[in-house]
Amino acid sequence: MRPTLVVINGEQYWQRYFPESEVVFRRLQECSWVLRGGDLWCINRESAIRLDGVLWRVGAIRPDPRHRATLELIRLSGVPCSNPASVLARCHDRLSMLAEMREAGLPVIPFDAALGDDMLRRLERPVPFVVKVGNHHAGLGKALVRDAGAWPEIADLLFAADDYAVVEPFIDYERDVRCLAVGERMWAMTRASAGWKANVDTRKYHVIDPPPELAEHTRRAMRHLGADVLGLDFLQAKDGAYTLLECNDTPGLSGFPEELREDVAECLRVRMRQR
């Protein structure tokens, strides 16, 4: 009997990378989960499936506390997951991700944070600066404050979000670089966007050799987390210095070489064989 692998919020092309498995595609937003007798079940309106492996490809969706609980259920079940569920849980939230990168000794962008009613006003800094609310991805929940006079109104508006906020300096960057590692292999890509958000509405990209400094940072983050797959996003200032914006435990793969997808699949196949 072939093992059953669920791809969560992933692209349909993953089917061809797991010919030895029964591959099922599910959206996290539509699933329920049951851990019973050591077996992990993923349930939606179509079926209930006992899982032998999970390929987690969750990207820019609205955060929900149940998503974190799902990762803990996967972790408790021992079902192989890529990245491991423990890694996904450690990077699930922006604050925990930033804490992990600081603990790894990486050059994280300087930031202030606030949680609580009317605390956001206390984070004002010289303009321009960027404010990021909550744990959203793909440019959502982010604003560039160019005018100090506009900050009180923006802070009032963000009060309605009822979430924590992070404020960081705006970097007038020379280039945006993503360094992406899968197992022992590594790639890098420069990206150009239509606006100030470095990784949104990408208009141009170019695969490059990983700059040695960024490659070392990425390897250090991989070791620190125990990750199979990890993307680190850096901004290079006009003086050449690099600053780490964030790490991504479920990085987008578009624009990278095709063999990278095979490497991602092999990471999970190895974990499934070792179970």
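Quick notes on the rules
Residues numbered from 1 in each chain as written. Predicted model: local features only at pLDDT ≥ 70, side-chain atom pairs only at ≥ 80, totals over all residues. Heavy atoms only, no water. 1 Å grid on protein atoms, 1.4 Å probe; cavity = no way out; pocket = protein on both sides within 12 Å on 5 of 7 lines; lining within 4 Å. Points joined across faces, edges and corners; volume = space filled by probe spheres on them. Nonpolar A, V, L, I, M, F, W, Y, C, P; charged D, E, K, R; others polar. Domains from an automatic or database assignment. Helix = DSSP H or I, 4+ residues; strand = E, 2+ residues; numbered from the N terminus. Salt bridge = Lys/Arg side-chain N within 4 Å of Asp/Glu carboxyl O. Buried < 20%, exposed > 50% of the residue type's maximum accessible area, 1.4 Å probe, protein only.

As annotated in an unreviewed UniProt entry, the chain carries the name Alpha-L-glutamate ligase and is attributed to Corallococcus coralloides.

Draft legend 1. The arrangement of empty space enclosed by the protein in detail. The final tally for this structure, using the stated rule, is one cavity of 30 Å³ or more. Taken as a whole, the largest cavity spans an internal volume of roughly 70 Å³. As for the largest cavity, its lining consists of L55, W56, R57, S82, N83, V229, D249, T250, P251 and V264. Along the lines of polarity and charge, the residues of the lining of the largest cavity split into five nonpolar, three polar and two charged. Composition of the lining of the largest cavity by domain shows at least three residues from each of domain 1 (4–91 + 264–274) and domain 2 (94–108 + 172–258).

Draft legend 2. Just unusual backbone geometry, in detail. Residue N83 follows S82 across a cis peptide bond; omega there is -10°. Position of N83 among the secondary structure elements: in the loop between strand 7 (81–82) and helix 2 (85–90). With an omega of -5°, the peptide bond running from V127 to P128 counts as cis. Turning to its location among the elements, P128 is positioned in the loop between strand 8 (112–114) and strand 9 (129–133). One non-glycine residue, N9, lies in the positive phi region at around 55°. In this fold, N9 is placed in the loop between strand 1 (4–8) and strand 2 (22–26).

Draft legend 3. Up close: the pattern of salt bridges. Enumeration according to the criterion identifies 26 salt bridges in this entry. D233 serves as the salt-bridge partner of R178, at 2.7 Å between the closest nitrogen and oxygen. Highlighted residues: R178 in strand 12 (residues 173–182) and D233 in strand 15 (residues 229–237), separated in sequence by 55 residues. Per residue, the accessibility class of R178 equals that of D233, and both read buried. Among the ionic contacts, a cluster of salt bridges with common partners joins D176, R178, R191 and D233.

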